Amino acid sequence: MSIRVEALTKVYGQQKAVNSISFEAGTGVLGFLGPNGAGKSTTMKMLTCFIPQTSGTAFVCGFDISRQPLDVKRNIGYLPESNPLYTDMYVKESMAFVAGIHGLHEPDKRIAEVIEQTGLGPEQHKKIGQLSKGYRQRVGLAQAILHNPQVLILDEPTSGLDPNQLVGIRQLITELGKTKTIILSTHIMQEVEAVCNRVIIINQGSIVANDTLVNLRSQNNNNTLEHIFIGLTNN
């Protein structure tokens, strides 16, 4: 398994944001769902070594997030919800900047591959600040996959996109999920049903469901994922 989480906990003062959760994820797309404030983003930030955990641990490609954070970061691509980009940079220039950070071998070749993979060809010579929201999301994804990590963590990657842009990003995530381990956080249930192999639902810091979509439905009278989600988190 590319990701193994063991009793991972995060406490802020008196609040337990993530409460001793454990799960595993292998190749494919894992939907990581929960209401606002459930602990999704906190979990993803711990997995990417962006913030330290209070207790427990996790392993990414066999590397411990506490003891081997640099190795974890080499094997992970992260698209945070805010998608921070240098808007004064040109698309291709920003790719070269990220390639330099990762010390890529033959960066120009890899940049060309990723630009084609993410459909950024027509926009590659524009400034990021001139791009639509959909293309900015593609730039964020391109930067996340540029160093060809085995694991991708995507926090609300389709937030604010129109239906046509949604289709393009979903197709890209589905294609990437054939060879990589992807954790996808979203509030859009149709998106999960379209691209995810498994689903984890977290509520108030604890996991309340962890199964395949087929099993979740069969255990809940074949209800929609939205109906199951509301039933498990509406308290």
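Residues numbered from 1 in each chain as written. Predicted model: local features only at pLDDT ≥ 70, side-chain atom pairs only at ≥ 80, totals over all residues. Heavy atoms only, no water.

As annotated in an unreviewed UniProt entry, the protein carries the name ATP-binding cassette domain-containing protein and is attributed to Mucilaginibacter aquariorum. Taken from UniProt, the Sequence similarities (unreviewed entry) comment for the protein reads in full: "Belongs to the ABC transporter superfamily." (UniProt positions renumbered as here; feature names shortened; annotations may be inferred.)

K.L.:
Any chance you could break down the nonpolar core for me, citing the residues and the numbers?
P.N.:
Counting residues in hydrophobic clusters, the biggest one holds 42 residues, and the most contacted among them are Leu33, Val139 and Leu154. Leaving out residues up to four positions away in the same chain, leucine 33 has contacts with Lys40, Thr186, Met189, Val192, Val199, Ile200, Ile201, Ile202, Leu225 and Phe229. Within the second largest apolar cluster, 25 residues are counted, among which are Ala38, Leu47, Cys49 and Ile51. (Core = buried A, V, L, I, M, F, W, Y, C linked by side-chain atoms within 4.5 Å. Buried < 20%, exposed > 50% of the residue type's maximum accessible area, 1.4 Å probe, protein only. Contact = heavy atoms within 4.5 Å.)

K.L.:
Quick one: what's the story with unusual backbone geometry, residue by residue and with numbers?
P.N.:
Even without glycine at this site, glutamate 106 takes up a positive phi of about 50 degrees. On the secondary structure map, glutamate 106 appears in the loop between helix H3 (91-102) and helix H4 (107-117). Classification of glutamate 106 by relative accessible area gives partly exposed; the value is 44%. The phi torsion at glutamine 204 lies on the positive side, around 50 degrees, for a residue other than glycine. Summarising the element assignment, glutamine 204 is placed in the loop between strand S9 (198-203) and strand S10 (206-212). Relative accessible area serves as the criterion here: at 55%, glutamine 204 is assigned to the exposed category. (Helix = DSSP H or I, 4+ residues; strand = E, 2+ residues; numbered from the N terminus.)

K.L.:
An account of the sheet that holds S9 is requested, with residue identities and associated values reported.
P.N.:
What the six strands build is an open sheet, ordered S6-S7-S8-S3-S9-S10; its pairing is mixed. Across the chains shown, the open sheet's two edge strands, defined by having one partner strand only, are strand S6 (76-79) and S10. The average undirected angle you get between the axes of adjacent strands in this sheet is 15 degrees. Summarising the sheet, S6 and strand S7 (residues 151-155) pair through four bridges and their orientation is parallel. By the bridge assignment for S7, glycine 77 is matched with leucine 152. Lying on the sheet, helix H5 (residues 133-145) is in contact with S6 and S7; it crosses S6 at an angle near 160 degrees. Contacts between helix H6 (residues 163-176) and the sheet are confined to strand S3 (28-33), S7 and strand S8 (181-185), with S8 contributing the most and set at about 145 degrees to the helix. (Pairing = 2+ DSSP bridges. Axes fitted to C-alpha atoms, helices over the stretch in contact; angles between N-to-C directions.)

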